[in-house]
Amino acid sequence: MDAVLDRVDFVDCRLSGLQLIGARLRNVRFVRCQLDACSARSLAGYRVEFDDCRIAGADFTRAGLPGAQFIDCDLTGADFSNADVAGARFHGSRLDGVRGVASLRGATVDLAQVVTLAVAMATALGITVDADAASD
């Protein structure tokens with residue numbers, strides 16, 4: 001049976017490697033939690049918030065998190081392949097090495113994140129970014 005969490009707050013929790021595969025989350029908040037390498041494949045979420053969390057290397061493949069909040073989180077290397085995060089907000093979050101950037105369609109990021117995502121998008125499209133190339 002898949003996990004079902006409704007109206008739950010996780011505050012200052014160490015949840016590294018948490019398995020939320022196929023879970024259903026409704027009105028769930030993670031505040032200052034460590035969620036490194038968690039697996040949230042095919043998770044279905046409604047009103048899910050991550051605030052000041054470490055979620056590096058997390059797997060959100062095929063997750064449904066429309067409107068989710070990822071505020072001031074470390075999402076380094078997280079995988080959003082085939083996820084639905086339309087309307088999600090990623091303000092202040094670290095997005096280095098995020099995979100599945102095309103699935104971030106409809107999400108909101110802040111200006112500082114644009115360059116990081118542009119590099120990830122270029123890589124996903126097979127475009128080589130050469131910082132050493134000089135313009136003539």
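All figures in this text were calculated on a predicted structure; none of them were measured in a lab.

A. The sheet that holds strand β1 (residues 4–11), seen in detail. What the four strands build is an open sheet, ordered β1-β2-β3-β4; its pairing is parallel. Two strands close off the open sheet at either side, each with one partner strand: β1 and β4 (69–71). Taken pair by pair, the neighbouring strands of this sheet meet at an average axis angle of 5°, ignoring direction. For strand β3 (residues 44–51) and β4, the ladder comprises three bridges, and the chain directions are parallel. Bridge pairing links Glu-49 to Gln-69 in β4.

B. Quick look at the pattern of salt bridges. Tallying each qualifying case throughout the model produces seven salt bridges. Taking the shortest distance from any N to any O, the salt bridge between Asp-36 and Arg-54 comes out at 2.6 Å. Here Asp-36 is found in the loop between β2 (24–31) and β3, whereas its partner Arg-54 is found in the loop between β3 and β4, with 18 residues between them in sequence. In this structure Arg-54 comes out as partly exposed when scored by relative accessible area, which is 39%. A salt bridge links Asp-96 to Arg-94; the shortest N-O distance between them is 2.5 Å. If you follow the salt bridges from partner to partner, you end up with Asp-36, Arg-54 and Asp-74 in one network.

C. Structural detail: the packing of aromatic side chains. Scanning the entire structure with this criterion turns up nine aromatic pairs. Between Phe-10 and Phe-30, the ring centres sit 5.0 Å apart and the planes meet at 5°, which makes this aromatic pair stacked. On the criterion of sequence distance, the pair formed by Phe-10 in strand β1 and Phe-30 in strand β2 is long-range, its members being 20 residues apart. For the pair Phe-60 and Phe-70, a centre-to-centre distance of 5.8 Å together with 80° between the ring planes defines the contact as edge-to-face. With a gap of ten residues between them, Phe-60 in the loop between β3 and β4 and Phe-70 in strand β4 connect regions that are remote in the sequence. No difference in accessibility class separates Phe-60 from Phe-70, as the two residues are buried. Linked through ring pairs, Phe-10, Phe-30, Phe-50, Phe-60, Phe-70, Phe-80 and Phe-90 together constitute an aromatic cluster.

Analysis parameters
Position numbers for residues count from 1 along each chain, tracking the sequence in the order it is written. For this predicted model, a pLDDT threshold of at least 70 governs which residues receive local features, and a threshold of 80 or more governs which side-chain atom pairs are given and counted, while totals over whole chains, interfaces and linings are taken from all residues. Hydrogens and water are ignored here; the side-chain numbers use all heavy atoms of the structure. Whether two strands pair comes down to DSSP finding at least two bridges between them. What counts as a helix is a DSSP run of H or I of at least four residues, what counts as a strand is a run of E of at least two, and both are numbered from the N terminus. Angles shown run from 0 to 180 degrees and are taken between the N-to-C directions of axes, each axis being a line fitted to C-alpha atoms and, for helices, limited to the stretch in contact. Take a side-chain nitrogen of Lys or Arg and a carboxyl oxygen of Asp or Glu: if they are within 4 Å of each other, that pair is a salt bridge. The rule is simple: take the accessible area with a 1.4 Å probe, protein chains only, and divide by the maximum for that residue type; under 20% is buried, over 50% is exposed, in between is partly exposed. Pairing of aromatic rings covers Phe, Tyr and the six-membered ring of Trp, with a centre-to-centre limit of 6.5 Å; geometry is then stacked below 30 degrees between planes, edge-to-face above 60, and tilted otherwise.

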